[in-house]
Amino acid sequence: MANDHDWITLHRVKFPEVIDGAGKPLPGPANAQIWRFAPLSKIGANGHFTSRNDSWGGFALHSSRDEAKAVFDDPESHSPFLDRATEAWHAIAIPYTHRGAVKWRGVVQENSAINVAPVDPKGPLVVITSAGYTDLGPEDEARIKAFCAGIMDVIDFYGTLPGNLRRGVFSGSGVDGREGCTISLWRDDISMMSAAYKSGAHKAQLDQHQSSALFDYSSFTRGRVIASKGAWDGMDPVDELRN
């Protein structure tokens with residue numbers, strides 16, 4: 001596979017106890033261009049995502065296949081907190097679509113945060129999404145709470161669909177001040193497109209955003225999983241495609 005694009009490693013980890021990530025990000029691969037890793041999101045009493053969970057997840061962005069493979073082959077050397085994990089799943093993915101704006105490198109980048117492969121390499125589908133805000137003030141409280149509630153509705157909706165293998169929203173704002181991401185794995189492209197754009201909670205969220213902005217900018221990235229190992233909720237979700 002050519003090296004004219006970025007490479008993604010995906011990581012989902014379960015710990016034996018709840019970890020409070022507020023202001024305390026867990027370290028990732030030192031050479032990664034981007035490291036987004038945060039607690040699985042729950043909504044707190046204030047209507048915002050909390051930074052506490054025993055499950056964490058996210059991704060690292062790498063400039064080469066060799067760098068991604070080194071992290072995949074020996075993730076414990078690149079993320080020392082893994083020695084505490086009771087369950088861990090890791091994967092390598094090739095991004096083939098990236099659109100929108102995201103502030104993962106300290107500045108908002110539009111359609112350029114992730115360098116994608118020129119041709120869809122095909123394979124198991126992973127989708128990463130993000131959303132962010134600029135110049136937040138008290139007047140934004142209502143839409144932030146509405147967005148948080150809506151995202152959880154989407155995750156719950158995806159969980160009812162046979163075409164969705166795994167899903168989660170991992171909020172990084174309370175951890176390191178930067179937006180987090182959602183990660184979803186799908187049996188096929190048709191299932192994802194139907195769930196996201198034809199009907200259901202995600203389509204309702206998009207429609208609501210069109211009439212009254214729930215966030216200031218957003219992005220989505222699609223990739224193909226080319227290697228995976230470990231377990232996410234009991235087994236490797238990619239193995240489920242083979243059964």
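Structural data are supplied above this passage.
Structural notes, computed from the coordinates. On a predicted model such as this, the values are computed, not experimentally measured, just so you know.

## Here's the deal with the side chain of Thr97
Here's step 1: Within the element layout of this structure, Thr97 appears in strand E4 (residues 87-102).
Here's step 2: In contact with Thr97, other than residues within four places in its own chain, are Val116, Phe220, Thr221 and Arg222.

## What about the pattern of salt bridges?
Here's step 1: Under the counting rule described, the total for this entry stands at 15 salt bridges.
Here's step 2: Of the charged contacts in the structure, one is a salt bridge between Asp233 and Arg12, with a shortest N-O distance of 3.1 Å. A residue pair is termed long-range when its members are at least 10 positions apart, and Asp233 in the loop between strand E9 (217-230) and helix H7 (237-240) and Arg12 in strand E1 (residues 7-20) qualify at 221 residues.
Here's step 3: Residue Arg12 is classed as buried on the basis of its relative accessible area, which comes to 5%.
Here's step 4: Put simply, Arg36 and Asp176 hold a salt bridge, and the shortest N to O gap is 2.7 Å. In this pair, Arg36 is assigned in strand E2 (residues 34-39) and Asp176 in helix H4 (residues 173-176), connecting sequence segments 140 residues apart.
Here's step 5: The network of salt bridges with shared partners includes Asp120, Lys122, Asp189 and Arg224.

## Some remarks on the packing of helix H3 (residues 141-158) against helix H6 (residues 201-211)
Here's step 1: Packing of H3 against H6 brings their axes to within 8 Å, and their N-to-C directions diverge by 155 degrees. Taken together, the axis directions place H3 and H6 in an arrangement best described as roughly antiparallel. Residues Ala146, Phe147, Gly150, Ile151, Asp153, Val154, Phe157 and Tyr158 of H3 touch H6, and the partners they reach there are Ala201, His202, Gln205 and Gln208.
Here's step 2: Of the residues assigned to the contact of H3 with H6, the class counts are seven nonpolar, four polar and one charged.

## Side note on unusual backbone geometry
Here's step 1: Positive phi, close to 60 degrees, is recorded for Asn111, a residue that is not glycine.
Here's step 2: Relative to the helices and strands, Asn111 resides in the loop between strand E5 (109-110) and strand E6 (125-132).
Here's step 3: By relative accessible area, which is 46% here, Asn111 ends up partly exposed.
Here's step 4: Phi is positive for Asp135, which is not a glycine, with a value near 50 degrees.

## Considering the packing of helix H5 (residues 189-197) against H6
Here's step 1: At a minimum axis separation of 5 Å, H5 and H6 run at an interaxial angle of 45 degrees. Taken together, the axis directions place H5 and H6 in an arrangement best described as oblique. Side by side, H5 and H6 meet where Ala195, Ala196 and Tyr197 of the first sit next to His202, Lys203 and Leu206 of the second.
Here's step 2: Of the residues that constitute the contact of H5 with H6, the class distribution is four nonpolar, one polar and one charged.

## Focus: the nonpolar core
Here's step 1: Within the largest apolar cluster, 24 residues are counted, with the highest numbers of intra-cluster contacts made by Leu10, Phe59, Trp104, Ile128 and Ile183.
Here's step 2: The element contributing the most residues to this core is E4, with four residues.
Here's step 3: Ignoring anything within four residues of it in the chain, the contact list for Ile183 reads Leu10, Gly58, Val126, Val127, Ile128, Arg166, Arg167, Gly168, Phe170 and Trp232.
Here's step 4: Among the nonpolar cores identified, the runner-up in size contains 12 residues, and Phe49, Tyr133, Ile151 and Ile155 belong to it.

About the criteria used
- Residues numbered from 1 in each chain as written.
- Predicted model: local features only at pLDDT ≥ 70, side-chain atom pairs only at ≥ 80, totals over all residues.
- Heavy atoms only, no water.
- Helix = DSSP H or I, 4+ residues; strand = E, 2+ residues; numbered from the N terminus.
- Contact = heavy atoms within 4.5 Å.
- Salt bridge = Lys/Arg side-chain N within 4 Å of Asp/Glu carboxyl O.
- Buried < 20%, exposed > 50% of the residue type's maximum accessible area, 1.4 Å probe, protein only.
- Axes fitted to C-alpha atoms, helices over the stretch in contact; angles between N-to-C directions.
- Parallel < 35°, antiparallel > 145°, perpendicular 65-115°, else oblique.
- Nonpolar A, V, L, I, M, F, W, Y, C, P; charged D, E, K, R; others polar.
- Core = buried A, V, L, I, M, F, W, Y, C linked by side-chain atoms within 4.5 Å.

Note that every value here comes from positions in space, so none of it alone points to a role or purpose.
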